[in-house]
Number of protein chains: 2
Amino acid sequence: MDNNVNQDFMRSVILLRSFSDIQKNMMLFIQRNATENGLTVSQYSILMTIIRHKEITQKVLGEEAFLPKSTLSQAIDGLVKRGLLQRHQVDGNRREVLLSTSKKGVDFIKSIHTQEGGIHQIFQAAVETLTEKQYDDLLVAHLQLSTFLEKYHTEQGGLVSD
Amino acid sequence: MDNNVNQDFMRSVILLRSFSDIQKNMMLFIQRNATENGLTVSQYSILMTIIRHKEITQKVLGEEAFLPKSTLSQAIDGLVKRGLLQRHQVDGNRREVLLSTSKKGVDFIKSIHTQEGGIHQIFQAAVETLTEKQYDDLLVAHLQLSTFLEKYHTEQGGLVSD
DNA sequence: TAAAAACTGTTCCATTCCAAACAGTTCGTT
DNA sequence: AACGAACTGTTTGGAATGGAACAGTTTTTA
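Structure report, in brief. Everything quoted here is computed from the prediction, not taken from an experiment.

**Some words on the pattern of salt bridges**
A side chain of one charge can pair with a side chain of the opposite charge when the charged atoms of the two come close.
1) Next: One pass over the structure, following the stated rule, counts 16 salt bridges over all chains.
2) Next: The closest approach of N and O atoms between Glu64 of chain B and Arg52 of chain B, which form a salt bridge, is 3.4 Å. Linking Glu64 of chain B in helix α3 (residues 58-65) with Arg52 of chain B in the loop between α2 (41-50) and β1 (56-57), this pair joins segments that are twelve residues apart in sequence.
3) Next: Given the relative accessible area of 28%, Glu64 of chain B is considered partly exposed.
4) Next: Note that Asp107 of chain B and Lys103 of chain B form a salt bridge whose closest N and O atoms lie 2.7 Å from each other. In this pair, Asp107 of chain B and Lys103 of chain B both sit in helix α5 (residues 103-113), four residues apart, roughly one turn of the helix.
5) Next: Overlapping salt bridges bring together Asp77, Lys81 and Arg87 of chain A as one network.

Written out as structure tokens, the structure reads:
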């Protein structure tokens with residue numbers, strides 16, 4: 001019988017939906033939160049990524065934020081024009097562009113973090129309903145899944161030949 | 001000291017990133033999987049939602065798939081033109097539209113499910129790296145978070161006044 | 001040290017997305 | 001029944017997205 005096969009399949013579908021539900025719920029908050037602050041979701045991602053680095057090249061930023069370079073280039077343009085980011089040239093490298101947040105940018109990001117009803121506030125409240133153990137287990141399981149998925153990407157498109 | 005406040009905040013940020021990582025990894029697969037089959041991501045979502053119902057109205061479909069009705073209307077148009085979905089009128093209700101999959105649609109969805117290197121195949125392999133307990137705990141924790149987030153939505157925009 | 005290849009970022013444009021305006025239908029009130 | 005409000009789905013128009021072509025820079029190869 002293919003009962004096992006079918007059951008494995010169902011387990012995967014159920015978990016996929018579970019992620020999907022959370023993801024879409026979060027996206028609604030993020031989209032609203034971004035729009036309220038005059039940002040696109042891409043720009044929001046960029047800011048949240050860049051804040052974790054002092055400086056970062058566009059290339060690395062694109063990898064971390066999972067954004068195609070064309071989108072990145074345009075989104076950054078908007079942020080620079082608003083004075084939230086700065087572009088630098090690196091000495092001895094006229095190809096790569098270094099990005100960093102301006103004072104104004106840092107303040108702006110902080111204000112988003114603490115915004116009433118923003119994704120960060122709400123998600124923090126949500127996390128507080130979890131026990132320590134639940135939280136830790138969750139991170140471990142997520143990392144396990146993430147690592148697996150990432151491995152498949154690097155195998156260029158998930159095509160595995162023997 | 002606000003050490004605790006800060007720590008709570010960090011915990012939430014870390015988990016948010018953890019979800020974000022998985023989400024973006026999954027999106028890469030889904031996007032590729034959709035494009036390969038000539039679908040937009042919205043259309044992909046629609047098909048995956050509709051397959052779990054025999055019939056569904058556009059309104060309900062929109063709620064389950066978290067898609068705005070304008071996007072929905074156009075995405076469905078494409079699917080109907082490709083002969084994957086059918087629109088029906090309900091007797092005694094000339095406003096709502098009932099949607100269902102055609103035979104061709106069902107076959108199409110099945111073929112996506114079993115596609116080599118598709119999100120379903122890869123995610124299933126990923127899920128198999130989890131123990132039963134990890135899997136069950138994951139679902140519980142997700143549901144807990146999902147429920148919390150959903151509650152905030154219905155509170156129309158997360159604004160809570162006393 | 002040329003020429004070719006690879007690499008980083010920009011520009012272009014066709015497609016997709018979604019808020020808002022709209023059209024038609026149903027419900028509620030009088 | 002008639003009016004207005006609410007509801008479901010479509011159309012419209014402007015913005016966001018991302019693949020592909022491109023421009024300039026650096027590295028590799030011959």
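Moving on from the coordinates now.
**Focus on the pairing of strand β3 (residues 93-101) of chain B**
All names here are of chain B.
1) Next: With two bridges joining them, β1 and β3 adopt antiparallel strand pairing. When the bridges of β3 are listed, Ile56 appears paired with Leu99.
2) Next: By the bridge criterion, six bridges tie strand β2 (residues 85-90) to β3 in an arrangement that is antiparallel. Each residue of the ladder has a partner; that of Gln86, found in β3, is Ser100.
3) Next: Here β2 folds back onto β3 in antiparallel fashion, the turn holding two residues, of which Gly92 has a positive phi close to 75°.

**Brief notes about the packing of aromatic side chains**
Aromatic ring pairs are described here by two measures, namely the spacing of the ring centres and the angle between the planes.
1) Next: Applying the stated rule across the entire model yields three aromatic pairs over all chains.
2) Next: Between Phe19 of chain A and Phe19 of chain B the ring centres are 6.3 Å apart and the planes differ by 70°, which places this aromatic pair in the edge-to-face class. You can see Phe19 of chain A sitting in helix α1 (residues 3-36) and its partner Phe19 of chain B sitting in helix α1 (residues 3-36), one on each of two chains. For the pair shown, Phe19 of chain A and Phe19 of chain B are each scored as buried.

**Here we look at the protein's contact with DNA strand C**
1) Next: Close contacts around DNA strand C come from 19 residues, with Lys59, Arg95 and Val97 of chain A together with Ser70 and Arg94 of chain B the closest.
2) Next: Sugar plus phosphate: this is where 64% of the atoms of DNA strand C within 4 Å of the protein reside.
3) Next: Between a phosphate oxygen of DNA strand C and a side-chain N or O atom of Ser42 of chain B, the distance comes to 3.0 Å.
4) Next: At 3.0 Å, a side-chain N or O of Thr71 of chain B approaches a phosphate oxygen of DNA strand C.
5) Next: Elements with a minimum of two residues in the surface near DNA strand C: α3 (58-65), α4 (69-81) and β3 (93-101) of chain A together with α4 (69-81) and β3 of chain B.
6) Next: Top element by residues in the surface near DNA strand C is α4 of chain A. It accounts for four residues.
7) Next: Considering only residue class, the surface near DNA strand C consists of two nonpolar, ten polar and seven charged.

**As for the sheet that holds strand β2 (residues 85-90) of chain A**
Pairing between the strands of a sheet is mediated by backbone hydrogen bonds and can be parallel or antiparallel.
1) Next: What the three strands build is an open sheet, ordered β1-β3-β2 (chain A); its pairing is antiparallel. The open sheet is flanked by β1 (56-57) and β2 of chain A, the only strands paired with a single partner.

**Concerning the relation of the copies chain B and chain A**
1) Next: By a simple turn and slide, chain B fits onto chain A: the slide is 0.0 Å along the axis, the RMSD is 0.0 Å, and the turn is 180°. In the structure described here, the two chain copies are related by an operation that fits a two-fold rotation axis.
2) Next: Here 100% of the contact residues of chain B are again contact residues in chain A; the copies associate through an equivalent surface.

What counts and how
Starting afresh in each chain, residues are numbered from 1 along the sequence in its written order. Key to labels: chains lettered from A, ligands numbered from 1, both in the order written. pLDDT decides what is reported in this predicted model: residues at 70 or higher carry local features, side-chain atom pairs at 80 or more are listed and counted, and totals for whole chains, interfaces and linings draw on all residues regardless. The side-chain quantities take in all heavy atoms of the structure and omit both hydrogens and water. Salt bridge, as used here: a side-chain nitrogen of Lys or Arg that lies within 4 Å of a carboxyl oxygen of Asp or Glu. Elements are defined by DSSP. Helices are runs of H or I of four residues or more, strands are runs of E of two residues or more, and each kind is numbered from the N terminus. The classification of residues rests on relative accessible area computed with a 1.4 Å probe and restricted to protein chains. Under 20% of the type maximum is buried, over 50% is exposed, and intermediate values are partly exposed. By definition, two strands form a pair when at least two bridges between them are found by DSSP. Ring geometry is summarised as follows: Phe, Tyr and Trp rings, the Trp one being its six-membered ring, pair when their centres sit within 6.5 Å, and such pairs are stacked at plane angles under 30 degrees, edge-to-face over 60 and tilted between the two. We call a residue near a molecule or strand as soon as one heavy atom of that residue lies within 4 Å of the molecule or strand. Pairs of N or O atoms within 3.5 Å make up the polar contacts considered here, provided that, within protein, one atom can donate a hydrogen while the other can accept it, and that residues adjacent in sequence are counted only when both atoms are side-chain atoms. When residues are grouped by polarity, Ala, Val, Leu, Ile, Met, Phe, Trp, Tyr, Cys and Pro land in nonpolar, Asp, Glu, Lys and Arg in charged, and all others, Gly among them, in polar. Copy-to-copy superposition: least squares on the C-alpha atoms, limited to residues that have pLDDT of at least 70 in both copies. Contacts were defined at the residue level, with two residues in contact if any of their heavy atoms lie within 4.5 Å.

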